[in-house]
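Overview (structure and organization)
Residue-level listing of the chains:
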Amino acid sequence: MNAHAPLPAAGCGVAIRPERGQRAVFCGLTGIVWLHRKIQDAFFLVVGSRTCAHLIQSAAGVMIFAEPRFATAIIDERDLAGIADMNEELDRVVTRLIERRPDIRLLFLVGSCPSEVIKLDLSRAALRLSQRLAPGVRVLDYSGSGIETTFTEGEDACLASLVPGLTDAGPAAADELLVVGALADVVEDQFSRIFSELGIPARFLPARRAGAMPAVGRGTPYLLAQPFLTQTARALDERGARRLPAPFPLGAEGTTGWLRAAAEAFGVDPARFDAATAPGLGRARIALSPYRAKLAGKRVFFFPDSQLEVPLARFLSREMGAELVEVGTPYLHRTHLAPELELLPDGTQIVEGQSLDDGLDRCRAARPDLTVCGLGLANPLEAEGLATKWSIELLFTPVQGYDQAGDLAELFARPLHRRTRLEV
Ligand code: SF4
């Protein structure tokens, strides 16, 4: 786990309280579901148990019928009893996989709880297989185990594993902006257009193809597009890159703040910035206004899940006029989230970590108008008469940027709307 940096003293009046206990969250393997769609020639091979295979299949839903680029190499009794050489088994599975899927250029060996517990050395396996399969296929490893990672931290671990292999940008390192975090292609295209209108050369990590990953080097300015990229940011810092502090691009205000951080770093003229952002900002405001009427004054409770909770709470309170009862987050990176914390209303209650029963008690006592939580809690809370929003949808739906601001608000307004329609 990461050491907590002190909270920046920028006058933010939020109350942050740690909590420990039983947790109801996904493990990091879930990230594969959106990452495999983003990097189009990568394959994710989980080295784990049948439990892991079940998890991925249920999280991916109908996607499993579309010859997806992920699978599980199941550790069975022979492996556990030490009868089979696991490294030989793994090599055999990978060789067969590459023969069957010659389109694969990048293979991730994804560690799980069982592979961690029996101390299977996946980094050595990745190195060995990379040498064997070079130059056609590169093999990397990261852990998505529930012991080490919560939900979106799987993406963080995956992207961090890419960083050491990025080409060195050399003396031109500072000339190009790096946008870090998997964004839906449509969102990436919109941001690319805005950056080019601002005159900022921008590249994205991860790229859509294994061979097109951006270069990085001393002085490369980078913007995090997601709040959960702790390890990736650290790996980039080690390469000499420089993080641009910014709020996250959720909602009109967050998107403008995020773009402005890049514009300031590249010395973009304020008039040019206004001209480039005004159309998107205008569209976002129009799209948001009908939802504001539905969400204003509504009391919202966030259970910890994805680390997106703080930026989402900021969006709901400032742009939608919602009231924040409690904002739970599995982990709070004080420095990366500092610009967000400053924008939260004074007195906002943030809970870092989870003690499930205590959280449920507080939620039941508060009877919020809307509860944002994982799938495990959603239906039981609905049965108790509470409207819920499944937080996983916020990862599967394009929500960043001006043109998605209305869709983001709609995700929160929908459960409230459905309730009123179902009430007779
Ligand atoms: S990695 Fe761990 S938590 Fe995740 S599905 Fe496998 S056994 Fe369960």
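Scoring rules and cut-offs
- Each chain has its residues counted from 1, running along the sequence as written.
- In keeping with the predicted nature of the model, local features appear solely for residues at pLDDT of at least 70, side-chain atom pairs appear and are counted solely at 80 or more, and the whole-chain, interface and lining totals rest on all residues.
- The side-chain figures draw on all heavy atoms in the structure; neither hydrogens nor water molecules are used.
- A run of H or I in DSSP counts as a helix once it spans at least four residues, and a run of E counts as a strand once it spans at least two, with each numbered from the N terminus.
- When we talk radius of gyration, it's over C-alpha atoms, and the globule rule is simply 2.2 Å times the number of residues to the 0.38.
- Accessibility here uses a 1.4 Å probe with only protein chains present; expressed as a share of the type maximum, an area under 20% marks a residue as buried, one over 50% as exposed, and anything in between as partly exposed.
- It only takes one pair of heavy atoms within 4.5 Å for two residues to be counted as in contact.
- Charged residues are defined narrowly, with Lys and Arg counted positive, Asp and Glu counted negative, and His plus the chain ends left uncounted.
- For the purpose of locating charges, the reference atoms are NZ of Lys, CZ of Arg, CG of Asp and CD of Glu.
- Here an axis means a line fitted to C-alpha atoms, over the contact stretch when the element is a helix, while the angle between two N-to-C directions is reported on a 0 to 180 degree scale.
- These descriptions rest on fixed angle ranges, namely under 35 degrees for roughly parallel, over 145 for roughly antiparallel, 65 to 115 for roughly perpendicular, and the rest for oblique.
- Two helices cross in a left-handed way if the nearer one is turned anticlockwise from the farther one by less than a right angle. They cross in a right-handed way if the turn is clockwise.
- Regarding the arc, it is the one traced by the directions from the helix axis to the C-beta atoms.
- Strand pairing is assigned whenever DSSP identifies at least 2 bridges connecting the two strands.
- Between 30 and 60 degrees the pair is tilted, below 30 it is stacked and above 60 it is edge-to-face, where a pair is any two Phe, Tyr or Trp rings, Trp via its six-membered ring, whose centres lie within 6.5 Å.
- Look down the strands so they point away from you; if going from the first strand over the helix to the second traces a clockwise path, that crossover is right-handed.
- Exposure above 30% relative accessible area and the absence of a salt bridge qualify a residue for a patch, where like charges join within 9 Å and nonpolar side chains (Val, Leu, Ile, Met, Phe, Trp, Tyr) within 5 Å.
- Values of accessible area rely on a 1.4 Å probe in the Shrake-Rupley scheme; residue burial ignores everything except the protein chains shown.
- The term salt bridge refers to a pairing of a side-chain nitrogen on Lys or Arg with a carboxyl oxygen on Asp or Glu at a separation within 4 Å.
- Distances are taken per atom, and a residue is near a molecule or strand as soon as one of its heavy atoms is within 4 Å of it.
- Here the term charged refers only to Asp, Glu, Lys and Arg, the term nonpolar to Ala, Val, Leu, Ile, Met, Phe, Trp, Tyr, Cys and Pro, and the term polar to all other amino acids, Gly among them.

1. Looking at the overall build of the chain
Broken down by element type, the chain carries 17 helices and 14 strands. Relative to the compact-globule value of 22 Å for 424 residues, the chain shows a C-alpha radius of gyration of 22 Å, a close match. Taking the principal axes of the C-alpha coordinates as reference, the chain spans close to 60 × 55 × 40 Å. In the chain, which comprises 424 residues, the share counted as buried stands at 56%. Taking contacts inside the chain between residues at least 6 apart in sequence as the whole, the part at least 24 apart equals 74%. Computed over 46 positive and 52 negative side-chain charges, the inter-centroid distance for the chain is 2 Å.

2. Structural notes on the packing of helix α4 (residues 86–100) against helix α6 (residues 122–133)
Their axes nearest at 11 Å, the elements α4 and α6 cross at an angle of 45 degrees. Taken together, α4 and α6 sit at an angle that is classed as oblique. Here α4 runs over α6; the crossing is right-handed. Counted together, N87, L90, D91, V94, T95 and I98 of α4 and L122, A125, R128, L129, R132 and L133 of α6 form the full contact between these two elements.

3. Notes on helix α2 (residues 50–60)
Taken residue by residue, α2 has C52, A53, I56, A59 and A60 as its buried positions. Here the buried residues of α2 occupy an arc of 140 degrees about the axis, which is enough to place them on one side. Projecting away from the buried face of α2 at angles above 90 degrees are the exposed residues R50, T51, H54 and S58. Residues of α2 that are buried make contact with α1 (32–38), β2 (42–48), β3 (70–74), α5 (113–117) and α16 (393–396). Phi turns positive, to about 60 degrees, at G61, one or two residues after α2.

4. Quick word on the sheet that holds strand β4 (residues 106–111)
The strand order across the open sheet formed by 4 strands is β3-β2-β4-β5, and the pairing between neighbours is parallel. The two strands at the open ends of the sheet, each matched to only one other strand, are β3 and β5 (138–143). Adjacent strand axes in the sheet meet at a mean angle of 25 degrees when their direction is disregarded. As judged from the 6 bridges shared by β2 and β4, these two strands associate in the parallel manner. Note on β4: the bridge partner recorded for F44 is F108. The sheet strands contacting α2 are β2 and β3, and the helix crosses β3 at an angle near 165 degrees. Across the sheet, helix α7 (residues 153–162) is in contact with β2, β4 and β5; its angle to β5 comes to roughly 140 degrees.

5. Description of the packing of aromatic side chains
Using the criterion set out here, one finds 8 aromatic pairs in the structure. A centroid spacing of 5.2 Å and a plane angle of 50 degrees characterise the contact between F26 and F151, whose relative ring orientation is tilted. Of the two residues, F26 is situated in the loop between β1 (15–19) and α1 and F151 in the loop between β5 and α7; the sequence distance between them amounts to 125 residues. For F151, a relative accessible area of 0% translates into the label buried. Look at F44 and F108: their rings are 4.8 Å apart centre to centre, the planes differ by 15 degrees, and that puts the pair in the stacked class. Separated by 64 residues along the polypeptide, F44 in strand β2 and F108 in strand β4 bring together distant segments of the chain. We classify F108 as buried; its relative accessible area is 0%. Taken together, the aromatic side chains of F26, W34, F151 and F396 make up a single cluster linked through ring pairs.

6. Focus on the pairing of strand β10 (residues 299–302)
Across 4 bridges, β10 lies against strand β11 (residues 323–329) in parallel orientation. Bridging from a neighbouring strand, V300 pairs with L324 of β11. Following the backbone out of β10, through helix α12 (residues 309–318) and into the adjacent parallel β11, one traces a crossover that is right-handed.

7. Brief notes about a nonpolar patch on the surface
A surface patch of nonpolar side chains, amounting to about 390 Å² of accessible area, comprises L80, V117, I118 and I147. Tracing the backbone through its elements, the reader meets V117 in helix α5. The class of V117 is exposed, set by a relative accessible area of 57%.

8. Remarks on the pattern of salt bridges
Applying the stated criterion across every chain yields a total of 22 salt bridges. Residues R92 and E89 are paired through a salt bridge, measuring 2.8 Å at the closest nitrogen-oxygen approach. With R92 and E89 both in helix α4 and 3 residues apart, the pair spans about one turn of that helix. Each of K38, D185, E188, D189 and R208 takes part in salt bridges that share partners, so that together they form one network.

9. Some words on the site of the ligand
Residues in contact with the ligand, as listed here, are C27, L29, C52, L55, S112, C113, P114, S145 and G146. The set of elements that each furnish at least two residues to the shell around the ligand consists of α2 and α5. Its residues placed into classes, the shell around the ligand shows 6 nonpolar, 3 polar and no charged.

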